[in-house]
Amino acid sequence: MRRNAWPALAGVLATAFGVALAELLAAATRPQAGPLVAVGGAVIDAAPTPVKEFAVRTLGTHDKPVLLATIGLALLLFTALIGVLSVRRRWVAVAGAALFGLAGAVAAALRPAAAGYDVVPSIVGAAVAGGTLLFLLHRSFRPDPAEPVRTGFDRRALLRAAAVVAGGSVVAGGTSEVVKRVRGGAVTRSRAALRLPAPADPAKPLPTGTAPGFVTANADFYRVDTALTVPSIDVASWRLRVHGMVGREAEFSMDDLLARPLIERDVTLNCVSNEVGGRYIGTARWLGVPLAPLLRELGVEPGADQVVARSADGMTIGTPVETVLDGRDTMLCVGMNGEPLPLEHGFPVRMLTPGLYGYAGACKWLTEIELTTFAAFDAYWVRRKWGARGPVKTASRIDRPAPFAKLTAGTLTVAGVAWAQGRGITSVEVRVDDRPWVKADLLPAPSSDTWVQWRYDWPATAGLHTLSVRATDGTGAVQTEQRATPFPDGATGWHTITATVD
Ligand SMILES: Nc1nc2c(c(=O)[nH]1)N[C@H]1C(S)=C(S)[C@@H](COP(=O)(O)O)O[C@H]1N2
Ligand SMILES: [Mo]
């Protein structure tokens, strides 16, 4: 066992060096071409829906670091093994490097929005890793002429060589961090320098009487996407191409977009993956270019029934043309709560379709809009069997008291939110234990496209209590009690919590 520790170390070090160099090359050219991120992205895209759901549910926003750490660990274990096997059979080092290099290169080349040269970091990294392993082994393991099966081992020679390689890995890794920071810094500065014009059609001030928390701060706004690295897009070179079944194709720069009349709207956005009672929902004041007039100007060909939005990282999100043109405020957002879009929320431009879950109408890092048909094209999540249209289902959530809270008897405030974007909420009811449903008070909301805050003064008596909530939407439909999972088109069921009152 101990004999194997040194060649295993050689394998790990050679890999670390190769990967660090590859990531450095990627950082300097295109971050998404780095082998770890490319393979991670391929794993995300290939993961079956239940696995994805499990990851989002159990790991939440830690899903990405956990995935990258798992890939890194698997890589280290395999390459330790390759180091051990290569002592006797040097071709194993070559074959192992070729295999991993190929895996990284193929993953990078098959990423959506990949460029041909995205294979370079993985190939260079693999060649360097293989060469380094051979060098380390050459330094420390020489065939013993007296004993053809055994090899002599020079620990000091290995340690010296290993120190050099380890140093090289640290330098390469550190440099790639610096390169990433510098490039990221440039984009952050271009974001800070971006001056958003005042809206031609501003949002009205929030109605008096909304409670704190009506608007979700950008820093607290949930984030759900498949991007292992947040795309960093330079505003100056950003373009939006509109093409497909349009009368006239067009390309817009940021200045072109900002020259158009902007609208400002309070809109609640939520994720189809949100569980009953979940936190993947937020409300912001969005600033953007209304999409319907822009499409009408270019002309929508008859028969086109799908607007496909594409992002810099290759996401595709399909929205019904009918929905975009039906009078709602579908927009190309440039601002969120008074500042340019944060990088994680789609800088410089994202789409937003009030009334649709994010996966069906809210493409971030937008670069392309194609008019096509649902028959001709399945967007990213539709290929994975999620619903093609994604209308938001009526839902409600109890925020206060917290689940399993310990409370003191008296009049207690039960409070939460309810939403049915587009239809609006007309009533919210609360049920305590098996008693009849009672109406909660609705706080004012600016439009039917936002959630509504509600509260109920609960005369709480001692004991263990169960609280449930249900909403009625603007069409008069009562939120269903029927439980459904988020897959394939959004969770349903009443949010229920228990609390102990002393
Ligand atoms: N480019 C891109 N856009 C995307 C996604 C994505 O993975 N990539 N995820 C969508 C989903 S599933 C949701 S719910 C919303 C979330 O937007 P947010 O992260 O700004 O809250 O973005 C949508 N837009
Ligand atoms: Mo989502």
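Just above sits the structure.
Residues numbered from 1 in each chain as written. Chains lettered and ligands numbered in written order. Predicted model: local features only at pLDDT ≥ 70, side-chain atom pairs only at ≥ 80, totals over all residues. Heavy atoms only, no water.

The subject of this paragraph is the site of ligand 1. In the neighbourhood of ligand 1, 20 residues make up the surrounding shell, with Tyr222, Thr226, His345, Arg350 and Lys364 lying closest. Contacts to ligand 1 include serine 311, whose side-chain N or O atom sits 3.3 Å from a nitrogen atom. A distance of 2.5 Å is found between an oxygen atom of ligand 1 and a side-chain nitrogen or oxygen belonging to lysine 364. The class makeup of the residues in the shell around ligand 1 is eleven nonpolar, four polar and five charged. (Near = heavy atom within 4 Å. Polar contact = N/O pair within 3.5 Å; in protein donor to acceptor, adjacent residues only side chain to side chain. Nonpolar A, V, L, I, M, F, W, Y, C, P; charged D, E, K, R; others polar.)

Gaps left between atoms show up when a probe the size of a water molecule is rolled over them. As enumerated under the stated definition, the model contains two cavities of 30 Å³ or more in all. Around the largest cavity sit 17 residues that line it, and Asn274, Glu275, Ala395, Trp419 and Ala491 are the ones nearest its centre. Its residues assigned to classes, the lining of the largest cavity comprises seven nonpolar, eight polar and two charged. Formed jointly, the lining of the largest cavity draws a minimum of three residues from each of two domains, domain 2 (218–384) and domain 3 (395–501). What lines the second largest cavity is Gln306, Gly318, Tyr359, Ala360, Phe374, Ala379, Val382, Gly387 and Ala388. Grouping the constituent residues of the lining of the second largest cavity by class yields six nonpolar, three polar and no charged. (1 Å grid on protein atoms, 1.4 Å probe; cavity = no way out; pocket = protein on both sides within 12 Å on 5 of 7 lines; lining within 4 Å. Points joined across faces, edges and corners; volume = space filled by probe spheres on them. Domains from an automatic or database assignment.)

Now for the nonpolar core. Looking at soluble globular proteins, one finds that nonpolar side chains tend to be buried together. Among the nonpolar cores identified, the biggest contains 74 residues, and Val242, Trp286, Leu294, Leu332 and Ile369 are the most heavily contacted of them. With 23 residues, the next largest nonpolar core counts Ala420, Val432, Val469 and Ala499 among its residues. (Core = buried A, V, L, I, M, F, W, Y, C linked by side-chain atoms within 4.5 Å. Buried < 20%, exposed > 50% of the residue type's maximum accessible area, 1.4 Å probe, protein only.)

Attention now goes to the packing of helix 5 (residues 90–110) against helix 6 (residues 120–140). Across the interface, helix 5 lies against helix 6 with an axial gap of 8 Å and an inter-helix angle of 160 degrees. The angle between the axes of helix 5 and helix 6 places the two elements in the roughly antiparallel class. Helix-helix and strand crossings are classified by hand; for helix 5 and helix 6 the assignment is right-handed. The segment helix 5 lies against helix 6, with Arg90, Ala93, Val94, Ala97, Gly101, Gly104 and Ala105 engaging Ser122, Ile123, Ala126, Gly130, Leu133, Leu134, Leu137 and His138. Among the residues making up the contact of helix 5 with helix 6, the classes are represented as nine nonpolar, five polar and one charged. (Axes fitted to C-alpha atoms, helices over the stretch in contact; angles between N-to-C directions. Helix = DSSP H or I, 4+ residues; strand = E, 2+ residues; numbered from the N terminus. Parallel < 35°, antiparallel > 145°, perpendicular 65-115°, else oblique. Left-handed = near helix turned anticlockwise from the far one by under 90°. Contact = heavy atoms within 4.5 Å.)

Let's shift gears to the pattern of salt bridges. Two side chains bearing opposite charge may form a pair once their charged atoms approach each other closely. Going through the model one piece at a time under the given rule, you end up with 20 salt bridges. With a closest N to O distance of 2.5 Å, glutamate 339 and arginine 191 form a salt bridge. Here glutamate 339, found in strand 10 (residues 339–340), pairs with arginine 191, found in helix 7 (residues 155–193); they are 148 residues apart in sequence, far enough to count as distant. Across the pair arginine 265 and aspartate 201 runs a salt bridge, and its minimum N-O distance is 2.7 Å. In this pair, arginine 265 is assigned in strand 5 (residues 263–270) and aspartate 201 in the loop between helix 7 and strand 3 (239–244), connecting sequence segments 64 residues apart. It is possible to trace a salt-bridge network through shared partners that takes in Lys64, Arg223, Asp225 and Lys364. (Salt bridge = Lys/Arg side-chain N within 4 Å of Asp/Glu carboxyl O.)

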